[in-house]
Amino acid sequence: MYNAGEMLETFIQSLLAQTLTSLEIIIVNDGSTDGSGERAETYAQQHPHISVIHQPNGGVSRARNAGLAIARGKYVTFPDADDTMHPTMYQTLVEMAEQDNLDAAQCNAVRFFQTSQKTKPLIPLDRLTSTGVLSGPEWLSKALNTHRYLHVVWLGIYRRAIIEQQQLTFEPGLHHQDIPWTTEFMLNAQRVRYTDQVLYRYYMHDASISNRKRTGERNVAYQRHYLKIARMLEEINARYQHKVRIYPAFHYQITHEALSVCHSIRREPEASARQAIIHDLFATQTHKRMLRNARGIKQWYQLLLWLSRIYRWREK
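Reading the values: rules and limits
Residues numbered from 1 in each chain as written. Predicted model: local features only at pLDDT ≥ 70, side-chain atom pairs only at ≥ 80, totals over all residues. Heavy atoms only, no water. Buried < 20%, exposed > 50% of the residue type's maximum accessible area, 1.4 Å probe, protein only. Helix = DSSP H or I, 4+ residues; strand = E, 2+ residues; numbered from the N terminus. Pairing = 2+ DSSP bridges. Right-handed = clockwise from strand over helix to strand, strands pointing away. Polar contact = N/O pair within 3.5 Å; in protein donor to acceptor, adjacent residues only side chain to side chain. Contact = heavy atoms within 4.5 Å. Patch = residues over 30% accessible without salt bridge, like charges linked within 9 Å, V, L, I, M, F, W, Y side chains within 5 Å. Areas by Shrake-Rupley, 256 points an atom, 1.4 Å probe, with all protein chains shown as cover. Salt bridge = Lys/Arg side-chain N within 4 Å of Asp/Glu carboxyl O. Lys, Arg positive; Asp, Glu negative; His and termini not counted. Charge placed at Lys NZ, Arg CZ, Asp CG, Glu CD. Axes fitted to C-alpha atoms, helices over the stretch in contact; angles between N-to-C directions. Parallel < 35°, antiparallel > 145°, perpendicular 65-115°, else oblique. Left-handed = near helix turned anticlockwise from the far one by under 90°. Nonpolar A, V, L, I, M, F, W, Y, C, P; charged D, E, K, R; others polar.

Draft legend 1. Focus on the pairing of strand S5 (residues 104–113). By the criterion of burial, S5 is predominantly enclosed, with 9 of the 10 residues buried. As judged from the 3 bridges shared by S5 and strand S7 (residues 156–159), these two strands associate in the antiparallel manner. Of the residues in S7, the one forming a bridge with Ala 105 is Ile 157. Inspection of the sheet shows S5 paired to strand S8 (residues 192–204) by 9 bridges, in the parallel sense. Bridging from a neighbouring strand, Ala 104 pairs with Val 192 of S8. As paired strands, S5 and strand S6 (residues 118–121) are joined by 4 bridges and run antiparallel to one another. Across the sheet, Arg 111 pairs through a bridge with Lys 120, a residue of S6.

Set out below in structure tokens:
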């Protein structure tokens, strides 16, 4: 939680309304300056299953790692303090997990656009419906092949024992750190199930990290996160290639994440920033990484088109 503002009340009420009664709520106050920390303490005093950690602002990864360090539940999850959950969300997921001895249970969500007050399913039903029990790699491949799946940890619950055994932590300072974390978790998960029930509401607003418009040096710095994610995903594939099947979708995802950097180059209005992003792309060998991992005719076409453009735009 960082400066949750007015959304904190709505968020907490959606947690207190959960029909799952065996629930531990850990609020990590990541250096909020708007009084959110004090309001969280008030809730903790009123409800014995709520605890609050206060720490200097260090980003969502450090906050999640701090919560994981004291969590006691069989399963853990990571909702954001500016979203809401359906009252039956965690009971539904825990019952799924207990019934089928799952390592992870995931559900669907809706995006809620605050400006227009409209909603849109995260994963459309025509792309993916509820599944039976799958291995983690099978599920991740199936989900990625919808081209609508997001690597977001708030979409499900995860067996804490696996997180501890594999020492899975969130990368400090990395935006969209959910991508490598959920990938590695799923490569260690043996039993996973998905329900297409919409149980989480993801609020889309200008203040969220993922929706900010960036130009210039801020954009250069931001694109470095995607370059790092592409490298991390390739390293994860290499690390697990002798343990589990590495599906084509896992390679596709690497090139997909890196192609988002190519799109940002075209949108960047400042010439010096464009050249800085292009320099970073080549310096990190991401162009070769994309070529190694591209899968399918459509992605190959997109990749070759973008690389030809970037070679033209690059200042020697």
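Draft legend 2. Quick look at the pairing of strand S1 (residues 25–30). Buried residues dominate S1, accounting for 5 of its 6 residues. Note that the unit made of S1, helix H2 (residues 36–46) and strand S2 (residues 50–55) has a crossover that is right-handed.

Draft legend 3. The arrangement of the side chain of Asp 103 in detail. With respect to the helices, strands and loops of the structure, Asp 103 is situated in the loop between helix H4 (89–100) and S5. A relative accessible area of 10% means that Asp 103 is categorised as buried. A polar contact of 2.7 Å, which involves the side chain of Asp 103, links it to the side chain of Arg 159. In this structure the side chain of Asp 103 is engaged in a polar contact, spanning 2.8 Å, whose partner is the backbone nitrogen of Gln 190. Those residues within four positions of Asp 103 in sequence are excluded, and the remaining contacts are Ile 157, Tyr 158, Arg 159, Ile 162, Phe 185, Ala 189, Gln 190 and Arg 191.

Draft legend 4. Looking closely at a positive patch on the surface. A grouping of Lys 120, Arg 127, Arg 148 and Lys 298 is seen on the molecular surface, where their side chains present a positively charged patch. Within the fold, Lys 120 resides in strand S6. According to the relative accessible area criterion, Lys 120 is partly exposed, its value standing at 48%.

Draft legend 5. Spatial organisation of the packing of helix H1 (residues 7–16) against H2. In the contact formed by H1 and H2, the axes pass within 11 Å of each other and the chain directions differ by 25 degrees. For the element pair H1 / H2, the angle class is roughly parallel. The element H1 and its partner H2 pack so that their crossing is right-handed. Contacts from Leu 8, Glu 9, Ile 12 and Gln 13 in H1 reach Ser 36, Arg 39, Ala 40 and Tyr 43 in H2. Across the contact of H1 with H2, the residue classes break down as 4 nonpolar, 2 polar and 2 charged.

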